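Fold and contact review
Read off the chains here:
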8 protein chains.
Amino acid sequence: MSELKDLLESVQRGDTTVADALHQIKKAPFQDIGFAKVDLHRKALQGYPEVIYGAGKTETQMEGIITTMLQNRQERILITRLNAEAASYLESKFELTYHSEARVGIVGSMPSPSGLGKIVVATGGTSDIPVAEEAALTAEIHGNEVVRLYDVGVAGIHRLFSHMDEIMDASVIIAIAGMEGALASVIGGMADCPVIAVPTGVGYGASFGGVSALLSMLNSCASGVSVVNIDNGFGAGYLAGMMNHMGKK
Amino acid sequence: MSELKDLLESVQRGDTTVADALHQIKKAPFQDIGFAKVDLHRKALQGYPEVIYGAGKTETQMEGIITTMLQNRQERILITRLNAEAASYLESKFELTYHSEARVGIVGSMPSPSGLGKIVVATGGTSDIPVAEEAALTAEIHGNEVVRLYDVGVAGIHRLFSHMDEIMDASVIIAIAGMEGALASVIGGMADCPVIAVPTGVGYGASFGGVSALLSMLNSCASGVSVVNIDNGFGAGYLAGMMNHMGKK
Amino acid sequence: MSELKDLLESVQRGDTTVADALHQIKKAPFQDIGFAKVDLHRKALQGYPEVIYGAGKTETQMEGIITTMLQNRQERILITRLNAEAASYLESKFELTYHSEARVGIVGSMPSPSGLGKIVVATGGTSDIPVAEEAALTAEIHGNEVVRLYDVGVAGIHRLFSHMDEIMDASVIIAIAGMEGALASVIGGMADCPVIAVPTGVGYGASFGGVSALLSMLNSCASGVSVVNIDNGFGAGYLAGMMNHMGKK
Amino acid sequence: MSELKDLLESVQRGDTTVADALHQIKKAPFQDIGFAKVDLHRKALQGYPEVIYGAGKTETQMEGIITTMLQNRQERILITRLNAEAASYLESKFELTYHSEARVGIVGSMPSPSGLGKIVVATGGTSDIPVAEEAALTAEIHGNEVVRLYDVGVAGIHRLFSHMDEIMDASVIIAIAGMEGALASVIGGMADCPVIAVPTGVGYGASFGGVSALLSMLNSCASGVSVVNIDNGFGAGYLAGMMNHMGKK
Amino acid sequence: MSELKDLLESVQRGDTTVADALHQIKKAPFQDIGFAKVDLHRKALQGYPEVIYGAGKTETQMEGIITTMLQNRQERILITRLNAEAASYLESKFELTYHSEARVGIVGSMPSPSGLGKIVVATGGTSDIPVAEEAALTAEIHGNEVVRLYDVGVAGIHRLFSHMDEIMDASVIIAIAGMEGALASVIGGMADCPVIAVPTGVGYGASFGGVSALLSMLNSCASGVSVVNIDNGFGAGYLAGMMNHMGKK
Amino acid sequence: MSELKDLLESVQRGDTTVADALHQIKKAPFQDIGFAKVDLHRKALQGYPEVIYGAGKTETQMEGIITTMLQNRQERILITRLNAEAASYLESKFELTYHSEARVGIVGSMPSPSGLGKIVVATGGTSDIPVAEEAALTAEIHGNEVVRLYDVGVAGIHRLFSHMDEIMDASVIIAIAGMEGALASVIGGMADCPVIAVPTGVGYGASFGGVSALLSMLNSCASGVSVVNIDNGFGAGYLAGMMNHMGKK
Amino acid sequence: MSELKDLLESVQRGDTTVADALHQIKKAPFQDIGFAKVDLHRKALQGYPEVIYGAGKTETQMEGIITTMLQNRQERILITRLNAEAASYLESKFELTYHSEARVGIVGSMPSPSGLGKIVVATGGTSDIPVAEEAALTAEIHGNEVVRLYDVGVAGIHRLFSHMDEIMDASVIIAIAGMEGALASVIGGMADCPVIAVPTGVGYGASFGGVSALLSMLNSCASGVSVVNIDNGFGAGYLAGMMNHMGKK
Amino acid sequence: MSELKDLLESVQRGDTTVADALHQIKKAPFQDIGFAKVDLHRKALQGYPEVIYGAGKTETQMEGIITTMLQNRQERILITRLNAEAASYLESKFELTYHSEARVGIVGSMPSPSGLGKIVVATGGTSDIPVAEEAALTAEIHGNEVVRLYDVGVAGIHRLFSHMDEIMDASVIIAIAGMEGALASVIGGMADCPVIAVPTGVGYGASFGGVSALLSMLNSCASGVSVVNIDNGFGAGYLAGMMNHMGKK
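These numbers were taken from a predicted model, which means no experiment stands behind them. (Residues numbered from 1 in each chain as written. Chains lettered and ligands numbered in written order. Predicted model: local features only at pLDDT ≥ 70, side-chain atom pairs only at ≥ 80, totals over all residues. Heavy atoms only, no water.)

**Some points on the interface of chain C and chain A**
With 30 residues of chain C at the contact, the number on the chain A side is 30 residues. For the pair chain C and chain A, the summed buried area comes to about 2400 Å², and 66% of that belongs to carbon and sulfur atoms. Of all residues in chain C, the largest losses of buried area upon contact with chain A belong to Leu 218, Met 242 and Met 246 of chain C, amounting jointly to 23% of the total for that side. Linking chain C with chain A are zero salt bridges, by the criterion used here. Across the contact surface, chain C and chain A share four residue pairs in polar contact (both at pLDDT 80 or more). Of all the secondary structure elements, the ones that give two or more residues to the side of chain C that touches chain A are helix 7 (164-169), helix 9 (211-218), strand 11 (225-227) and helix 10 (233-244) of chain C. Among the elements that make up the side of chain C that touches chain A, the one with the highest residue count is helix 10 of chain C (six residues). (Contact = heavy atoms within 4.5 Å. Buried area = accessible area lost by both parts, 1.4 Å probe. Salt bridge = Lys/Arg side-chain N within 4 Å of Asp/Glu carboxyl O. Polar contact = N/O pair within 3.5 Å; in protein donor to acceptor, adjacent residues only side chain to side chain. Helix = DSSP H or I, 4+ residues; strand = E, 2+ residues; numbered from the N terminus.)

Laid out in structure tokens, this is it:
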């Protein structure tokens, strides 16, 4: 609101006309490129990445958005849900690194970690890895160090316990699992830090595309557990990074 | 089918008329008392209890069924889902022991254990105890020794692990939990014996009256886990007893 | 794990016998009082409250748990889902303050705030206040300063915007709403801090006891939003407090 | 019913035989072409378009229906859910304009706007545009002026507010969104005109193909909001046009 | 936005200080009475009623809100979901008329109709009448003439057809039905005006508390039909009134 | 439609004026008594009972409807979903027989059976009997002979098979079951006549108030099985009677 | 059971040995061809067709079943859910007529109608025709005359009313509709004969693959309506034929 | 826990250093090969097969896992959910037998049966055979004799009864069915041994991908029935084998 105060004082001083003030108040910090409104209000925060949700956008739409972002001097861009074909197209236009398993494209380089501690990304099985990698890369591009613990599901709980140290040391944990989704509860019962649970669509039959894991995670009796949407690796990675920078902004 | 063979031979010998044979084939091993058909075909198995599902039956209906069973020399009768009022009424008519928490009434005495080993009945929380007691008493009246491990939910997993010995020694385990239902999976991953999972309606919000626990248990990645209906302590106790007598019948 | 190391060294030195070591490894940091296992492993962290989930527990069960906790010198105890009758009973036994709207009982005094910043607890309507108070009291007993913004639902969005300052200043925000649950998304789009969304069962018809709000919150397009169970004010308050102490433990 | 009166008077006068009257009463104002009954009862209202729901109809079925309509001097025909291949076929037979994004084909020219005011069509994201275009084109062919506001979702609520003028000026607003569907509530809380909410199948995970947005919209606390089927752009555009001509028919 | 322009010009002229301008921009048109924010921004529109959603509000909360509204010279107040006890209390405090079937309380007198035409409120059965009366009274207090057609469900379709004239003459129709909800589709196929469908929780078994009717109405093949929440008579009556005043504001 | 022909001829002859004809065409064969429209179009079919669905109707509403029916010389009236209190009230006004288990009231005497054969009403358990009695009484008042086979569920399939003769002889079978609903399939696989399946809300847990039985019955692989709503004994009895009089009307 | 009596008498006479009798009792009236058990117990009923459910069966499996049936002198065979490729294969092996829209194959000729009256097959739209044709052909091969009324949905209810005569004359009506499924209720309210409702998966969005129509039909307030599975044209046609032959077997 | 005791004693004796002991306690009995943790803790039980869940694993991932297992001298490996392409690849690398219908690959030879009795695998239809074969092969590779009873669904219940002997003789029965899933209840009512019910996704419409069968099975009134996930043939076969070896380990 301090910008509004500055503006009003400028009007009062006569430095800004009423028409200009009205225009500035209404002018949103984004650029309208027809099919999308590219958000630019964070550009002042140097190094903070912009994010494009690739699903349902054409290659040329993404190209247009990236071009607009780069013209506004965005250093890093994260593109999620980017399929291989669109990645190839964008690689021919920009310096883009494509992580095929995570279906994530990255323009620009990874920043150095600047968070409070480490973010642990744990999965119940190997099939959950694509979601985990989306989460891990999202956390990394937002300046976090990530420890990956994959295939540590509760059906063989000794696998999980052999990583007790990493779990007890974590700043934030992202627990990713399909099927019965018990991983989040068990980790939540072990750890003292926030646990972000990500249900995945991995499974069959009564897993109902992730609903079983989602419900299980929402009902976790362990304190400190919250849940994001099924397969939402990005959301978990972003939130984990936000938590890992608490008190630092 | 050997009875059928005997009957046919009796017809062949002329010891039984065709009309009588027809009658016997059709005559089912139960007694029709109007509002219910009391099953008597197990009476030859001395000591095997009969079961009455009390929900939705009036006191006089239950009285009639018990009377018929006793007249057919049934030694033990288990009445599940028996509310306190009906229990009082029946106690005035028969020698009935009422277990109020489990809402179970028992006519006759408990038999000595005759199974292969011990049945562990474990619950996630204290609110699951009524279902657990229904399971435990059912198992006991069918001749099984029961070990009760209550309030060992995964949110404080050290509680469960302090009972590792009982779990590793069990012949069959009944894992009872509401909310996220992860107990079955974790126990299933630890034990080498069959695990019968019982979801309970304990919880609130997205537990949806036990659906969350049910789905979690059905999706268990641990081998050897199967599931019965929500709150079906009886079914679990009966099945556990059956397994614990495998090779003994 | 350092305790385990100490123990092993004690065994090595001969100060502890193998039998004692085995016993100590198995002995979990809780006290078994029959119907419940009272968790005591946090008692070393002076001032950290213990929590009792009151639903489904009898007055005497709660009395027993509180007595055990106090005997173990627990300073503060938070009892959630505590109905008025049980509260009266406990008030006759302990120094307990009962917050009837939140259905929360507190033994001991509130600590001074020690977090990074303020936790905003916002609700869509007045009917969401009980859940909000559960969240707020939980956060306060864990050492957090709470700002309450009630009845700021999106159907009259100017109400929300008149509190823009509190929202922009928050360390963590808890957004509580029933019906369409849009509050979490709108706040998530305004704020730069983590937002914990709590769906409530407030509403009728197609609100389906909170499912509509739950789904809406899980699908939030705003970054930094995660969700806890329907009506889970405690979980949100606990997690918010955990986040607000990041880097401080 | 005035036609019935005319007919009865004609019978009374002897101008029409009973048989003919019976025949006319039964003869519905449509033409049966075997696989479909082409509705013709609006042909008197010159300029009012006929609508063909293209999904599940073969190219030749649609050709037959269009031919029948044109023979009955229909000036404008709107074909919804028309895929590209069928559009190509029909373009080779008729003067048809195909809008590929909206999957809408139009025979005849757009009429001049004749409504009370402007219809605003707003979407939460770019992926909702196909549904929005179906709505917009439907409104336009029914004689309405349409203002398109695309990608103004609540996660970046300043985007929406920069269009406050268009929203406050609208005669009717169509709010189209997937995922959490909060757009309808926020617009409903800002505007004083009817808001038609259209949930879309855009999203993943717990969006459940539009169910989440549908529930959110049905539960909107904002007054003046009603909802049509998931992805039903046509229904929204038609109803908006009907409202925008209230008092004019 | 014109008020903002006036304010800025006032700042420019020096008539308003920057501090005052900031204050006015932030000051929302409502009064905060602690547990609720009473909306007052419509008070300039003389005669327009304020609405209180009674469910989940205590008698004293409602008393406080009404008092605040009356102090701000609100002429008419509509209280929905008002139970009989609370109505008695409020009747002892204010001049309130209570419609027990609709569970609606009204402070002030009904205005004269000022709309374009008549609003028809039709129900499938007698059990739907409470919802219908909520809709009808809401429409009436907003200045609309209402025609009630009750118990005209499609299972005896001649009942509906005997009211063909009222249906053809309506400006807007509210179709209220539980069970199969077909009334909305049939009326929608007959009428040329907007139809607002209200599913009700009337029914049993697979009516699932109104879900069956809701789905049926959402899937209506008739054009011009939109749907509000289950049992949302208020929403339907309000929207119908809004439509019936199109072009009049 | 022959009445319409008569009317038109009467107009042609001049025996009926146009206005009268219009009036007659519009006049539906029911009597409007304010809160309900009492259907009278079957009064010519002497002996055919009228039906009142008692749920959600007040005692005085039912009294009014019955009075109107009796004034129109209705011989028999069936009132379903009639609770005991309302039954007492009506018994003080009319000659009504109340069947408390079925919650059915009957005015007038039962007719002699006039159908093609016998209708078998079978239930899986004793708890299904109320629904079965509603079905049986409905069939009987419509002139059918009913054979009751109660408590013949598939869990003790010999009980069912001891009634093979009745099943093979039936004209129509009504199969009523809750829980797993398998009775309809097994009977459908045995019998050669139409089977009407009625799911009941009997059960607990994953029976979901009859949904499990409903789905099971809809998926029956046996030919000749159709399904009515959960607990809809009336609908099944009515339809069975209709089938049992095929070729007789 | 008379066959059993004959058999027992034969044993009594010594004409049949006990071993043979046992064998005959156990020998079911079907032929086991490895992957399927071909049902032959109806072969005595000359002209009665056998039915093969083609979905999920390979071409060679169907060939084997048909060959076995023909070897047992089956005159007519109906194959449902038969895709075009498998149909081509079978046409090269047998005299098979393939109805591609209904995905039905028929071996043998259609019998003359032998039922009580005509079966009306009505659909709401043109997209429901495949299910309708499956129903109609099934009814025809079972000896029924079928009247097809397609595209008579309630959104244009005059289309349905122009066929009032056929509906009033029908012996049985099959009402087939997707989307809101109101057709069954409206027809049920008009006709005096049994109505078999078939929901179809036609539609989009909240039609949920036929669930909306299914629920609507189950909740029909019209008497005489029962429901079969979604898209189950065969089941409806078979049951309609059974009803149309009531009293004739 | 005896290994822990040995280890502690070894520490006490000085044979093992504290560091080594700590290391051994943490070192889980599996081998980490990067993308998966191969479980080796059963290798001591010679002949016990290892299991790979093939779904979602690449050919090279499976190759790596199998190679590691063989290097650890695993005699038998069972690969479930193995598609044909991956099977071809693995056949080129290992001695693998591929069962295409069951989508099961087996490395090594089948062991001799060592169980208490026979496991019956019964299916309702031919389409359930793939799931049945997965169950049967799983049971066989774990040392059980399997009796296959396919296509014995309850719609033709004589088919099932002709196999009464096998059912009465079984040690454990696996009942596999889609659609209405009644097979499990009927078998459960006939047999005296544990019945493992496996719902399958076979069916259409309201079978909802196996949900109908799943619910039916969970609600089985027959004692001794438990349920595994939809299509989980492996889980059923594994559990059946475990039961069939009760008292033998």
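That was the structure; now back to the text.
**Notes on the domain arrangement of chain A**
Residues and elements named next belong to chain A. You can read the domains of chain A as domain 1 (30-107) and domain 2 (118-248). Between the C-alpha centres of domain 1 and domain 2 there is a distance of 26 Å. Opposite the 14 residues of domain 1 that make contact, domain 2 presents twelve residues. Across the domain 1/domain 2 interface, buried area totals approximately 1100 Å², and carbon plus sulfur atoms make up 69% of it. Along the contact surface separating domain 1 from domain 2 lie one salt bridge. Here Glu 134 and Arg 81 are joined by a salt bridge, their closest N and O atoms 3.2 Å apart. (Domains from an automatic or database assignment.)

**Brief notes about the packing of aromatic side chains**
Under the defined criterion, the tally for this structure stands at 16 aromatic pairs over all chains. Over the aromatic face of Tyr 204 of chain F sits the side chain of Arg 81 of chain B, whose NZ or CZ is 4.2 Å from the ring centroid. (Phe/Tyr/Trp six-rings, centres within 6.5 Å; stacked < 30°, edge-to-face > 60°. Lys NZ or Arg CZ within 6 Å of the ring centre and 35° of its normal.)

**A word on the environment of Lys 248 of chain H**
Residue and element names in this part refer to chain H. Within the fold, Lys 248 resides in the segment after helix 10 (233-244). For Lys 248, a relative accessible area of 46% translates into the label partly exposed. Along the primary structure Lys 248 and Thr 80 are separated by 168 residues, whereas in three dimensions their C-alpha atoms are 26 Å apart. Every residue in contact with Lys 248, bar those within four places of it in the chain, is listed here: Ser 114, Gly 115 and Leu 116. (Buried < 20%, exposed > 50% of the residue type's maximum accessible area, 1.4 Å probe, protein only.)

**A short note on helix 10 (residues 233-244) of chain B**
Residue and element names in this part refer to chain B. An ideal rise of 1.5 Å per residue puts 16 Å on twelve residues; helix 10 measures up with 16 Å between its terminal C-alpha atoms. Burial within helix 10 is extensive, with twelve of its twelve residues counted as buried. Listing the buried residues of helix 10 in full gives Gly 233, Phe 234, Gly 235, Ala 236, Gly 237, Tyr 238, Leu 239, Ala 240, Gly 241, Met 242, Met 243 and Asn 244. (Expected span 1.5 Å × (residues − 1).)

**So, the pairing of strand 9 (residues 172-177) of chain B**
Residue and element names in this part refer to chain B. In terms of residue burial, strand 9 counts as a mostly covered element, since six of its six residues are buried. Residues Val 172, Ile 174 and Ile 176 line one face of strand 9 and the alternating positions Ile 173, Ala 175 and Ala 177 line the opposite face, and both faces are buried. In this sheet, strand 9 lies alongside strand 7 (residues 118-123) in parallel orientation, the contact comprising five bridges. Its bridge partner lying in strand 9, Ile 119 is registered against Val 172. (Pairing = 2+ DSSP bridges.)

**Side note on the sheet that holds strand 6 (residues 104-107) of chain C**
Residues and elements named next belong to chain C. Read across the sheet, four strands follow the order 3-4-6-5 without closing on themselves; strand pairing throughout is mixed. Lying at the two open borders of the sheet, with one neighbouring strand each, are strand 3 (50-53) and strand 5 (96-99). For this sheet, the mean angle separating the axes of adjacent strands, direction not counted, is 20°. Where strand 3 lies against strand 4 (residues 77-80), four bridges are found, and the strand directions are parallel. Considered in strand 4, the bridge of Tyr 53 is made with Thr 80. Helix 3 (residues 59-71) rests against strand 3, strand 4 and strand 6 of the sheet, and its axis sits at about 175° to strand 3. Where helix 4 (residues 84-91) meets the sheet, it contacts strand 4 and strand 5, and its direction lies at approximately 165° from that of strand 5. (Axes fitted to C-alpha atoms, helices over the stretch in contact; angles between N-to-C directions.)

**Considering the environment of Ser 92 of chain G**
Residue and element names in this part refer to chain G. Here Ser 92 lies in the loop between helix 4 (84-91) and strand 5 (96-99). Separated by 22 residues in the primary sequence, Ser 92 and Ser 114 have C-alpha atoms spaced 32 Å apart. Here Tyr 89 takes part through its backbone oxygen, which lies 2.5 Å from a polar atom of the side chain of Ser 92.

**Describing the pairing of strand 5 (residues 96-99) of chain B**
Residue and element names in this part refer to chain B. Residue alternation in strand 5 divides its side chains into a buried set, Leu 96 and Tyr 98, and an unburied set, Thr 97 and His 99. Direction of pairing for strand 5 relative to strand 6 (residues 104-107): antiparallel, over a ladder of four bridges. What sits directly across from Leu 96, in strand 6, is Val 107. Hairpin connection between strand 5 and strand 6: a loop of four residues separates the two successive antiparallel strands, and Arg 103 in this loop has a positive phi of roughly 55°.

**Considerations on the state of the cysteines**
Any covalent bond linking the sulfur atoms of two cysteines counts as a disulfide. Residue and element names in this part refer to chain H. Taken as a whole and assessed by the stated rule, the structure comprises zero disulfides over all chains. In this model Cys 193 remains outside any disulfide bridge; the closest cysteine sulfur is found in Cys 221, 18 Å from its own. Look at Cys 193 and you get buried, because its relative accessible area is 3%. With a relative accessible area of 45%, Cys 221 lands in the partly exposed category. (Disulfide = S-S within 2.5 Å.)

**Topic: the packing of helix 9 (residues 211-218) of chain F against helix 9 (residues 211-218) of chain H**
One way to put it is that helix 9 of chain F packs onto helix 9 of chain H with a least axis distance of 8 Å and a crossing angle of 125°. As the angle between them shows, helix 9 of chain F and helix 9 of chain H are arranged oblique. Crossing angle aside, the handedness with which helix 9 of chain F passes helix 9 of chain H is left-handed. Residues Ser 212, Leu 215 and Ser 216 of chain F of helix 9 of chain F form the contact with helix 9 of chain H, whose participating residues are Ser 212, Leu 215 and Ser 216 of chain H. Residues belonging to the contact of helix 9 of chain F with helix 9 of chain H are distributed by class as follows: two nonpolar, four polar and no charged. (Parallel < 35°, antiparallel > 145°, perpendicular 65-115°, else oblique. Left-handed = near helix turned anticlockwise from the far one by under 90°. Nonpolar A, V, L, I, M, F, W, Y, C, P; charged D, E, K, R; others polar.)

**Let's talk about the relation of the copies chain H and chain F**
Turning one copy of the chain about an axis and sliding it along that axis gives the other copy, so a rotation and a shift relate them. Mapping chain H onto chain F leaves a residual RMSD of 0.1 Å; the transformation is a rotation of 180° accompanied by 0.0 Å of translation along its axis. Expressed as a symmetry operation, the mapping of one chain copy onto the other fits a two-fold axis. The rotation axis passes nearest to the C-alpha of Ala 182 of chain H in chain H, at a distance of 2.5 Å. Most of the interface of chain H is mirrored in chain F, where 100% of its interface residues again form contacts. (Least-squares fit on C-alpha atoms with pLDDT ≥ 70 in both.)

**Thoughts on the relation of the copies chain C and chain A**
With an axial shift of 0.0 Å and an RMSD of 0.1 Å, the rotation relating chain C to chain A amounts to 180°. A symmetric contact is evident, with 100% of the interface residues of chain C recurring at the interface of chain A.

**A few points about the interface of chain H and chain F**
With 23 residues of chain H at the interface, the matching set in chain F holds 23 residues. Of the roughly 1800 Å² buried between chain H and chain F, counting both surfaces, carbon and sulfur atoms make up 68%. One can count 14 residue pairs in polar contact (both at pLDDT 80 or more) joining chain H with chain F. Of all the elements in the fold, those that place two or more residues in the side of chain H that touches chain F are helix 6 (157-161), helix 8 (183-190) and helix 9 of chain H. When grouped by side-chain class, the residues that make up the side of chain H that touches chain F number 15 nonpolar, seven polar and one charged.

**Describing unusual backbone geometry**
Only a minority of non-glycine residues have a phi that is not negative, and only a minority of peptide bonds are not trans. All names here are of chain C. Phi is positive for Arg 73, close to 60°, though the residue is something other than glycine. By the element assignment, Arg 73 lies in the loop between helix 3 and strand 4. With a phi angle near 50°, Arg 81 is a residue other than glycine that sits in the positive phi range. With respect to the helices and strands, the residue Arg 81 is situated in the loop between strand 4 and helix 4.

**With respect to the pattern of salt bridges**
Proximity of charged atoms lets side chains of opposite charge pair with each other. All chains considered together, the criterion is met by 48 salt bridges over all chains. A salt bridge links Arg 148 of chain C to Glu 140 of chain C, with the nearest nitrogen and oxygen atoms 3.0 Å apart. Residue Arg 148 of chain G pairs with Glu 133 of chain G through a salt bridge whose shortest N-O separation is 2.7 Å. Of this pair, Arg 148 of chain G sits in strand 8 (residues 145-149) while Glu 133 of chain G sits in helix 5 (residues 129-141), and the two are 15 residues apart along the sequence. In this structure Arg 148 of chain G comes out as partly exposed when scored by relative accessible area, which is 31%. Ionic contacts of the salt-bridge type, sharing partners, join the residues Glu 133, Glu 140 and Arg 148 of chain A into one network.

**Description of the sheet that holds strand 6 (residues 104-107) of chain F**
Residue and element names in this part refer to chain F. Within the open sheet, the four strands sit side by side as 3-4-6-5. Their pairing is mixed. In this open sheet, the two edge strands, each paired with only one partner strand, are strand 3 (50-53) and strand 5 (96-99). Along the sheet, successive strands turn relative to each other by an average axial angle of 20°, direction set aside. Here strand 4 (residues 77-80) runs beside strand 6; their pairing, made up of three bridges, is antiparallel. Its bridge partner being in strand 6, Leu 78 is matched across the sheet by Ile 106.

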